[in-house]
Structure formats: structure tokens, C-alpha cells
Amino acid sequence: MNRGENEMQSVPMGRRQALAGLTGALLAGGTAQAATPTRGGTLNVGLDNDAKTYDPIFSVQFTERHVLYLVFDTLVRYGPDFSIRPDMATSWETLSDGKCIVFTLQEDVTFQDGTKFDAAAVKWNIDQRMDMTVNSPQRQLLEPIVASVDVIDPLHVAFNLIAPSPVLFSLLGERPGFMVSPAAWKQRGPEFASQPVGTGAFVLKQWTRGSQVVLERNPTYWQAGLPYLDRIVVHDLAGSVIGVQRLLTGEVDYVGELTPTDIRPIESRAGITLKPIKVGRWYFSQWHVDSAPFDNAKLRQAFAHAIDRDRLNEITMRGQGSVSDGPTPKGLWWYDPTVKSAPYDPAHAKALLAEAGYPNGFEYELSTPQVTVFQQINQLLQEQLGAVGIK
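Note that the coordinates shown come from a computational prediction; the quantities given were computed from them, not determined experimentally. (Residues numbered from 1 in each chain as written. Predicted model: local features only at pLDDT ≥ 70, side-chain atom pairs only at ≥ 80, totals over all residues. Heavy atoms only, no water.)

In this section: the sheet that holds strand β5 (residues 89-95). Taken in spatial order, the 4 strands make up an open sheet running β5-β6-β8-β7, and their pairing is antiparallel. Both outer strands of the open sheet, β5 and β7 (146-153), are each paired with one neighbouring strand and no more. Sheet twist, expressed as the mean angle between neighbouring strand axes with direction ignored, is 20°. (Pairing = 2+ DSSP bridges. Helix = DSSP H or I, 4+ residues; strand = E, 2+ residues; numbered from the N terminus. Axes fitted to C-alpha atoms, helices over the stretch in contact; angles between N-to-C directions.)

Printed below as a string of C-alpha cells:
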């Protein structure tokens, strides 16, 4: 299931618009474009949060990434259209017919504990994730791609690949690419989960589980003059309704992950500015298509024809989302207008389910992050899939 543009709304308070604009970009791992940034101050952010760890080597939860992108930098970063752009790596060169990528690193960068970021730190980060004894969930992502990592000199590191793979760059802009301080990781052990150390714009000072995360400006941040804020407090919210209530009472300055339905109470409120996300946000179901049962194409096709995306849009987005006629929405660099979505056809879905070897129906477990709109979509999917025999 996929929806395209305008389906999510961010809601910063007008009195903190410049600060919210900067931090909203930082939360997304992007570059701020506030016209007249204001230096200093505290930004109170309200987000759904079911974080279990802030050690990126072990991170799994979707919501952990909001804080991770503030504390850590990645080797490469995503642009607004998900194009790959430099970050801790300033450039790269492809060698050996695509089986070796040599990254050139930022100079004079230190981790928040004062230790040096260099090629040896990059190698340690990747080796640690691929070490079977560490048991990082990212090993299964890196192991089929990366054969080894070699230090050429302090500013150059080589990734030796099993075969050419464009997937590597997308991984290095995400959790596998967050650069952790090797010294702090070894020293703090399990405590690193709540006392992480990266090279990012903010230092995690306090994590009160189920309540809030307090982050303070990194005074040694490698990007001169940034960040503008002195402090960010990320408040855990039990759903978007609570977020809107706290926005109205002034307890928070910014609330993300809102739908057109969520914003009804604040659409015309003075002092509140709505910022629609134009691209880069869409919803979909994910399966392990390389293993049973979802390696069965007929089964996947049955799912696709059973989902009424227009109805999902009407209920969760008040019809204001854009239903993409393809796997991804327009505006992304890999968008292909020739690849079309399967039309809603429950009768055909039932027939495909039988062809897939499940004439009496199919049961599976759907996992959903603790984000209100995801849970709403989950409930609607249960209803639509159940109508064709998928429970």
C-alpha cells in the first residue's frame, strides 16, 4: 500500500518557527533552510516514541531514528528526494568494476567524547556490526554486500564488496551508517544504549524512558556555527491526539507525524503553522520476499489486489493524500511511471490466494510501529485483507 504527497503534516508553533524549521530538518537528517535562524533557546518536540535503545548498532525501532539523527552522523545522507549526498564522507570513488568503494572522509572531526573520527573508526563501526558475536540486527543487511573494510590512511577507507551493490549507499545513510565512538562503546558497555556518543549536532544528556529525551548542543560540532538551538527536549507522546492537545496548551512547540484528520482542532488556530510534507513520506507493507511464504508471487499479488488504497486515504487522510499509481510516489529519484500498482479487486485477490496454494485462507502476523497513523492503517488493512480470507 502506498500513498504519495501531502499525507503528513508537521505542526510547529509560529513563535518558534525558525527554530522548529531547523530542528525539523535535523530530525530528518537534512539541511535547514530557515531564512533568519535564531541562535539559542530550547525546542520542545512531541513525537510518538517506543525507543528501546539509542545505540545505533542495536537499533530496530522506527521511532529511535529521530534522536539517532541528532546524536550521530552517517557516512552519507539522504536528500529530500532520497538521493545520496555527502556527509561524514565528502566523496567516494568506485573501483574494481564496482566491487570496491573508496570513501574520502571529513577532516578534523571528533566524537563527542573528544576521540578522533577517522578511517579506523569507520572500519570498527562496520566490523562491529558484522561481527557474529555482537549480534547486531544490521549484520543481515551488510553481510550479503560487504566482504571487508580496509583502512587506506586516516582519511580514506575502502569497502570491498562481494558484488557491485547500489544498496550499500542507502544503508550507509541509515542505521548501519551511524558512526559510533569506538572508545565510548567499549568503555560504557550496555550503558551506551542510554549514553550514546557520536559526532552529531546534539549530545544526549538524559533519557527518562516513557517520558522524554534531553539533548544539548554539541559545542565541538564539526559543522561551524551549527546547531542554532541550545537544547531539544523530545517528549514521548501516546498518540497524535495527545500531541495536538499539548501543542494547544503550549507544552510542546512542534508535533510531527500528523494526518489531515489529526489537524482538525488546530487548522485555524492563531500562532500555529502547518507544514505539509510534499515528498519523501509514503506507507507500504514490507515482507521478506526471499523466504517463505512471501517468496510466493501469487500470494503477494493477492495482498495487493485486496487493498483499497482510496478508502485508506479517505479515512486516515480525509482524502487529502495522493494515491500513487506505482510502488513509490512521484518526486523520488527512482520513481518509474511505467510501473503501475495493482488495482483494487477483491474477487481477483481471492482467486490469486487459491492459486498461491491457500484456498481456505491465509494467516500471518502484521507488526506496526507505535505511531498513530500506522496503527490506523493496520486496523483498516486487517478489515480489507480479512474480507478476502487473509487473517
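Relative orientation of the contacting elements helix α8 (residues 297-306) and helix α10 (residues 346-355) amounts to 165°, with a least axis distance of 8 Å. Judged by the inter-axis angle, α8 sits roughly antiparallel to α10. For α8 against α10, the interelement crossing comes out left-handed. Mapping the contact onto sequence places Lys298, Leu299, Gln301, Ala302, His305 and Ala306 in α8 and Pro346, His348, Ala349, Leu352, Leu353 and Glu355 in α10. Partitioned by chemical class, the residues of the contact of α8 with α10 number 7 nonpolar, 3 polar and 2 charged. (Parallel < 35°, antiparallel > 145°, perpendicular 65-115°, else oblique. Left-handed = near helix turned anticlockwise from the far one by under 90°. Contact = heavy atoms within 4.5 Å. Nonpolar A, V, L, I, M, F, W, Y, C, P; charged D, E, K, R; others polar.)

Before going further, it helps to spend a moment on the confidence of the model for the protein. In low-pLDDT segments, the atomic positions of the prediction should not be examined closely. Per-residue confidence for the protein gives a mean pLDDT of 87; residues scoring 70 or more make up 90%. Contacts from residues 1-34, a stretch scored under 50 in pLDDT, to residues over four places away or in other chains number 137 contacts. (pLDDT = per-residue confidence, 0-100.)

Right, let's get into the packing of helix α9 (residues 309-317) against helix α11 (residues 372-386). Their axes nearest at 11 Å, the elements α9 and α11 cross at an angle of 140°. One finds that α9 runs oblique with respect to α11. As α9 runs across α11, the sense of the crossing is right-handed. Facing Arg311, Leu312, Ile315, Thr316 and Met317 of α9, the residues of α11 in contact are Val373, Gln376, Ile377, Leu380, Leu381, Glu383 and Gln384. Grouping the amino acids of the contact of α9 with α11 by side-chain chemistry returns 7 nonpolar, 3 polar and 2 charged.

Quick look at the pairing of β5 now. Bridge analysis of β5 against strand β6 (residues 100-105) gives 6 bridges, and the strand direction is antiparallel. Counted as the bridge partner of Ala89 is Leu105 from β6. The hairpin formed by β5 and β6 contains 4 residues between the paired strands, and Ser96 there has a positive phi angle of roughly 55°.

All right, on to the packing of aromatic side chains then. Inspection of every chain in the model, using the stated rule, returns 23 aromatic pairs. When the centroid spacing of 6.2 Å and the interplanar angle of 80° are considered together, the rings of Phe303 and Phe362 count as edge-to-face. Highlighted residues: Phe303 in helix α8 and Phe362 in the loop between α10 and α11, separated in sequence by 59 residues. Given a relative accessible area of 6%, Phe362 falls into the buried group. A ring pair is formed by Phe362 and Tyr364, whose centres lie 6.1 Å apart and whose planes are at 25°; its orientation type is stacked. Within the aromatic cluster, the residues linked to one another by ring pairs are Trp287, Phe294, Phe303, Tyr358, Phe362 and Tyr364. Note that Arg209 overlies the ring of Trp207, its terminal NZ or CZ placed 3.9 Å from the centroid. (Phe/Tyr/Trp six-rings, centres within 6.5 Å; stacked < 30°, edge-to-face > 60°. Buried < 20%, exposed > 50% of the residue type's maximum accessible area, 1.4 Å probe, protein only. Lys NZ or Arg CZ within 6 Å of the ring centre and 35° of its normal.)

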